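Survey of secondary and tertiary structure
Single-letter residue listing:
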Amino acid sequence: TAKILQLNQLTKHFNMGKGQILQAVNDVTFHINKGETFGLVGESGCGKTTVGRTIMGLYNKTSGDVLYDGQNVHNLDDNETLHFYRHMQMIFQDPYASLNPRSTVKEVIAEPMEVHGLYPNKKEQLDRVIQLLEEVGLNRDHADRYPHEFSGGQRQRIGIARALALDPDFIIADEPISALDVSVQAQVVNLLKNLQEEKSLTFLFIAHDLSMVKQISDRIGVMYLGNLVELTSSDSLYENPLHPYTQALLSAIPIPDPDIEDTRERIILEGELPSPINPPSGCVFRTRCPFAMDVCARKKPEWREVEKDHYVACHLYDETLNKTDHSDITIN
Ligand code: SF4
């Protein structure tokens, strides 16, 4: 499988003034293969949206690299950036906020085509708009209406049609279903899956809800306080979560089948999410980790491949550590 996107130690800090630096994203490294869905998961404020926006070039990076098809997306000139957006598009959480309320659906969908000078012939442009509406389960009767006349799920379909207007290869979906009713969420997920198959799309699917991400993702990265803490295939993350934070997130998901008795131990995280302006020393998760050891405050855990294609940043898996640091640890 060919890599289409590579992040190398991507770091994004925001200067908040008065000497305060918000460490939104620290040293994040992962790649995405062509045609796969990569899920990026974590609580709000963990940096996942900043990762998405920095990949799109909407934010400048602080350090590190984002390579799309081998090209550094932060070194593009205006023309190259415009061309880049024909390959990569974004879908947002709140479709209404991302759609101009004064434009008709037709105008909303046609706008990217106009920016890129596609379909100078209006009739051909309209045909393309109608084709896109049909691809997302709407039709030509919707073209002259306004976004506010639609339900949340329909508006997200309009947002998807707009993202598809330039026929991209890669879509960053930033919490595309979080604002929707549960019944509508599954429909939108199915639509995205079908479109992926038809158009060989690659997805970066950003979400805080692990249960939905499992259904759609091939591989999943888990973020906590600006750091990637675990990365592996969707199956292995669910069957064998290694990072204590991932274990806690998973233990909070109810088992959907009422006939199966839930015997799992629920891991409750103590304490508040620390501020990314003043993150803890060493391991950022240590203030809430049930397994924290002395070394966790002193040393940032390395990103290591513990099993094949299963990466984790946690001292529990560092075999080179002084054994006394492990003495009172049990992992179940
Ligand atoms: Fe917990 Fe330490 Fe592992 Fe961090 S490095 S997750 S504090 S055991």
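All residue numbers refer to positions counted from 1 along the written sequence of the respective chain. Only residues with pLDDT of at least 70 get local features here, since the model is predicted, and only at 80 or more are side-chain atom pairs given and counted; chain-wide, interface and lining totals rely on the full set of residues.

Concerning the sheet that holds strand β4 (residues 63-68)
Spatially, four strands are ordered β2-β1-β4-β5 in an open sheet, and the strand pairing comes out antiparallel. At either margin of the open sheet sits one strand with a lone partner, and together these are β2 (20-33) and β5 (71-72). In this description, strands pair whenever DSSP reports at least two bridges between them. Per the convention used, a helix needs a DSSP run of H or I reaching at least four residues, while a strand needs a run of E reaching at least two, with both numbered from the N terminus. As paired strands, strand β1 (residues 3-17) and β2 are joined by ten bridges and run antiparallel to one another. By the bridge assignment for β2, G17 is matched with Q20.

Digging into the site of the ligand
The environment of the ligand is formed by 14 residues, the closest being C283, R286, C289, C296 and C314. Residues were grouped as follows: Ala, Val, Leu, Ile, Met, Phe, Trp, Tyr, Cys and Pro as nonpolar; Asp, Glu, Lys and Arg as charged; and all remaining residues, including Gly, as polar. Per-class residue counts for the shell around the ligand are eleven nonpolar, two polar and one charged. A residue counts as near a molecule or strand when its C-beta atom, positioned from the backbone, falls within 6 Å of it.

Regarding the pairing of strand β10 (residues 227-233)
Looking down a regular strand, the side chains alternate between one sheet face and the other. Burial analysis of β10 places six of its seven residues in the buried class, the great majority of the element. Looking at chain direction, strand β9 (residues 219-224) and β10 are connected through six bridges and run antiparallel. Across the sheet, I220 pairs through a bridge with T232, a residue of β10. Where β9 hands over to β10, the hairpin turn is made up of two residues, of which L225 adopts a positive phi near 45°. Two elements, β10 and strand β12 (residues 310-313), share two bridges in a ladder whose sense is antiparallel. Pairing of E230 across the sheet is with V312, part of β12. Whether a residue is buried, exposed or partly exposed is read from the other C-beta atoms within 10 Å of its own C-beta, which are placed from the backbone; 20 or more gives buried, 12 or fewer gives exposed, and intermediate counts give partly exposed.

Side note on the UniProt feature "domain: ABC transporter" (unreviewed entry) in the protein chain
UniProt positions are given in the numbering used here, feature names are shortened, and annotations may be inferred rather than shown by experiment. Sites flagged by UniProt as "domain: ABC transporter" (unreviewed entry) map to residues 5-250. Counted over residues 5-250, helix gives 40% and strand 28%. Its end C-alpha atoms are 27 Å apart.

Brief notes about the environment of L76
Its location among the elements puts L76 in the loop between β5 and α2 (78-87). The exposure class assigned to L76 is partly exposed, which follows from the 15 C-beta atoms found within 10 Å. In the structure, L76 is positioned 19 residues away from G57 in sequence and 9.4 Å away in space, judged by C-alpha atoms. Each residue is represented by a C-beta atom placed from its backbone, and any two residues with such atoms within 7 Å are regarded as in contact. Leave out the neighbours within four places in its chain, and L76 touches T81 and F84.

A short note on the environment of I177
Tracing the backbone shows I177 in the loop between β7 (170-174) and α7 (182-199). The exposure class of I177 is buried, given the 25 C-beta atoms found within 10 Å. Other than its neighbours up to four places away in sequence, I177 contacts Q185, V188, V189 and M212.

Some points on the pairing of β9
Most of β9 sits inside the fold, with six of its six residues counted as buried. Residues R219, G221 and M223 of β9 are buried on one face, and the alternating residues I220, V222 and Y224, pointing to the opposite face, are buried as well. As defined by bridge partners, strand β3 (residues 37-41) adjoins β9 across four bridges and the pair is classed as parallel. Bridge assignment links G39 to a residue of β9, and that residue is I220.

Some details on the packing of helix α6 (residues 152-164) against α7
Working note: a packed helix pair is described by the angle between its axes plus the distance between those axes. Two elements in contact, α6 and α7, have axes separated by 10 Å at closest approach and are oriented at 20°. The angle between α6 and α7 places the two elements in the roughly parallel class. Between α6 and α7 the crossing geometry is right-handed. The residues of α7 that touch α6, namely those facing G152, G153, Q156, R157 and I160, are V184, Q187, V188 and L191. Whenever a helix is involved, its axis is fitted only over the stretch in contact; in every case the axis is a line through C-alpha atoms, and angles between N-to-C directions fall within 0 to 180 degrees. Throughout, the term roughly parallel applies to angles under 35 degrees, roughly antiparallel to angles over 145, roughly perpendicular to angles from 65 to 115, and oblique to all others. Note on convention: near helix rotated counterclockwise from far helix by under a right angle means a left-handed crossing. Clockwise means right-handed.

Examining the sheet that holds β12
Strand pairs in the sheet, formed through backbone hydrogen bonds, run parallel or antiparallel to each other. Taking strand neighbours across the sheet as the criterion, the eight strands line up as β6-β7-β8-β3-β9-β10-β12-β11 in an open arrangement whose pairing is mixed. Only two strands of the sheet have a single partner each, and these edge strands are β6 (88-91) and β11 (303-307). Going across the sheet, the axis of each strand differs from the next one's by a mean of 20°, ignoring polarity. By the bridge criterion, five bridges tie β7 to strand β8 (residues 202-207) in an arrangement that is parallel. Residue pairing in the sheet places A173 in a bridge with F205 of β8.

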